[in-house]
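# A structural walkthrough
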Amino acid sequence: DVAVADGDLWFASALGSRLFGDLEHDLRFALHGPPSARSGWEGDAKLNGRALREDRPERMGIASAALGVADPDRYAIFRIDLDQVIVTSDADAPD
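Report follows, based on the coordinates. (Residues numbered from 1 in each chain as written. Predicted model: local features only at pLDDT ≥ 70, side-chain atom pairs only at ≥ 80, totals over all residues. Heavy atoms only, no water.)

### Here's the deal with the overall build of the chain
Test applied: Starting at the N terminus, helices and strands are each numbered in turn, a helix being any DSSP run of H or I of at least four residues and a strand any DSSP run of E of at least two. Throughout this description, buried means an accessible area under 20% of the type-specific maximum (1.4 Å probe, protein chains only), exposed means over 50%, and partly exposed covers the range between. In this description, contact between two residues means that some pair of their heavy atoms is separated by no more than 4.5 Å. All accessible-area figures derive from a Shrake-Rupley calculation using a 1.4 Å probe, and residue coverage is judged against the displayed protein chains alone.
Scanning the chain from terminus to terminus reveals 2 helices and 5 strands. Relative to its full complement of 95 residues, the chain shows a buried share of 25%. Pairs at least 24 residues apart make up 67% of the contacts formed inside the chain by residues separated by at least 6 positions. Entry remark: accessible area of the chain is about 6500 Å², with carbon and sulfur atoms responsible for 49%.

### Comments concerning the sheet that holds strand 4 (residues 43-53)
Backbone-to-backbone hydrogen bonds pair the strands of a sheet. The strands run either parallel or antiparallel. This is how the line gets drawn: DSSP calls a pair of strands paired once it identifies at least 2 bridges connecting them. All axes here are fitted lines through C-alpha atoms, helices being fitted over the stretch that makes contact, and every angle between N-to-C directions spans 0 to 180 degrees.
Read from one edge to the other, the open sheet built from 5 strands follows the order 1-2-5-4-3, with strand pairing classed as antiparallel. A single partner strand is all that each edge strand has here, and the edge strands are strand 1 (2-5) and strand 3 (28-33). Neighbour-to-neighbour, the strand axes of the sheet open up by a mean angle of 35°, direction not taken into account. Note: strand 2 (residues 8-14) against strand 5 (residues 75-89), 6 bridges, orientation antiparallel. Its bridge partner being in strand 5, F11 is matched across the sheet by F78.

### Quick look at the pattern of salt bridges
Quick note on the threshold: By convention in these notes, a salt bridge is any Lys or Arg side-chain nitrogen within 4 Å of a carboxyl oxygen on Asp or Glu.
Taken as a whole, this structure holds 6 salt bridges when the rule is applied. R59 serves as the salt-bridge partner of D8, at 2.3 Å between the closest nitrogen and oxygen. A residue pair is termed long-range when its members are at least 10 positions apart, and D8 in strand 2 and R59 in helix 2 (residues 57-67) qualify at 51 residues. Both residues of the pair, D8 and R59, belong to the buried class. Several salt bridges share partner residues, and in doing so they unite D6, D8 and R59 into one network.

### So, the nonpolar core
The tendency in soluble globular proteins is for nonpolar side chains to be buried side by side. For the record, the criterion: Throughout, nonpolar core names a set of buried Ala, Val, Leu, Ile, Met, Phe, Trp, Tyr and Cys residues whose side chains join them through atoms within 4.5 Å.
Ranked by size, the top nonpolar core spans 10 residues in total: L9, F11, F20, L23, F29, L47, A51, A76, F78 and I80. Elements supplying a minimum of two residues to this core: strand 2, helix 1 (18-25), strand 4 and strand 5. Broken down by element, the residue count for this core peaks at 3 residues, all from strand 5. In this view, I80 contacts V2, L9, F11, F29 and R50; residues no more than four positions away in its chain are not counted. If you look at the next biggest cluster of nonpolar residues, it comprises 7 residues, including A5, W10, A63 and V69.

### Points about a nonpolar patch on the surface
Inclusion rule: Patch definition: residues above 30% relative accessible area lacking any salt bridge, with like charges linked at up to 9 Å and the nonpolar side chains Val, Leu, Ile, Met, Phe, Trp and Tyr linked at up to 5 Å.
The grouping of L82, V85 and V87 at the surface amounts to a nonpolar patch, some 240 Å² of accessible area in total. Here V85 is to be found in strand 5.

As structure tokens, then:
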């Protein structure tokens, strides 16, 4: 899951997880997925950028609260530095 807080896009990864290990070696990040059915939006989004590990306690607290991370000592918190955002929608597609 990702969350927007304090003007930034955040996500968390469990320390020792495969994702955490991958990001320790290569900061490139891509997130792709359709919105949930409950959002009412018919489209698709793809985000590309770099996942920057946050180490400032005040920023980690903001991000942890937004992400619902109960034990931030077990997770690495990353801020996504966006390079590209692509949004598509079928709402205006011709018949």
